[in-house]
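One letter stands for each residue in the lines below.
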Amino acid sequence: MTSITIGGVDITAKVVKYNHSTKKVEDNSNGFTTADGTTHRNILAVKNILSISCENLNDTLKSSLSTALSASTISVAYGGANGTFYGDESPFELLYVDGDGVNHWDLSFNLEEV
């Protein structure tokens, strides 16, 4: 599994689904098509997108992760790379409460690079 740390909170052990993709940010106002039909566009940036799902977060980890994700921008280390991403306020889902009264939380969220 890829190592993932969000705002100083290591969630690697709790990640059940992880996807890394990129998105091109284009300036279509200055695009043009040449006589041979080839379209040319200006690419302003290539941004990383992280999709992450976590399961069985305890109350302490949930609180730490919630605080980290609620910031407007957060530092994320993932798979040997680092980046600054916009925060995400996705809601946590209570999976179950075990026999000892311990809450177990689930969270899925997407982070887009600044």
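Structural data are supplied above this passage.
These notes cover the structure that comes with them. A quick note: this is a predicted structure, and the numbers were derived from the prediction, not measured.

Bringing the pairing of strand β8 (residues 103-112) into the picture now. Along β8, seven of the ten residues are buried, which leaves the element largely enclosed by surrounding structure. Where strand β4 (residues 39-57) and β8 come together, seven bridges link them in antiparallel fashion. Residue pairing in the sheet places I49 in a bridge with E112 of β8. The sheet contact formed by strand β7 (residues 93-97) and β8 spans four bridges and is antiparallel. By the bridge assignment, L94 is partnered in β8 with W105.

Residues of helix α1 (residues 59-69) that are buried include every one of L61, L65, A68 and L69, and no others. Across the axial projection of α1, the buried residues extend over an arc of 90°, all falling on one side. Those residues of α1 that are exposed and angled more than 90 degrees off the buried face are T60 and T67. Residues of α1 that are buried in the fold lie against β1 (4-6), β2 (9-10), β4, β5 (73-78) and β8. Its side-chain oxygen placed 3.2 Å from the backbone nitrogen of T60, N58 serves as the N-cap of α1.

About the thresholds
Residues numbered from 1 in each chain as written. Predicted model: local features only at pLDDT ≥ 70, side-chain atom pairs only at ≥ 80, totals over all residues. Heavy atoms only, no water. Buried < 20%, exposed > 50% of the residue type's maximum accessible area, 1.4 Å probe, protein only. Helix = DSSP H or I, 4+ residues; strand = E, 2+ residues; numbered from the N terminus. Pairing = 2+ DSSP bridges. Arc of directions from axis to C-beta. Contact = heavy atoms within 4.5 Å. Polar contact = N/O pair within 3.5 Å; in protein donor to acceptor, adjacent residues only side chain to side chain.

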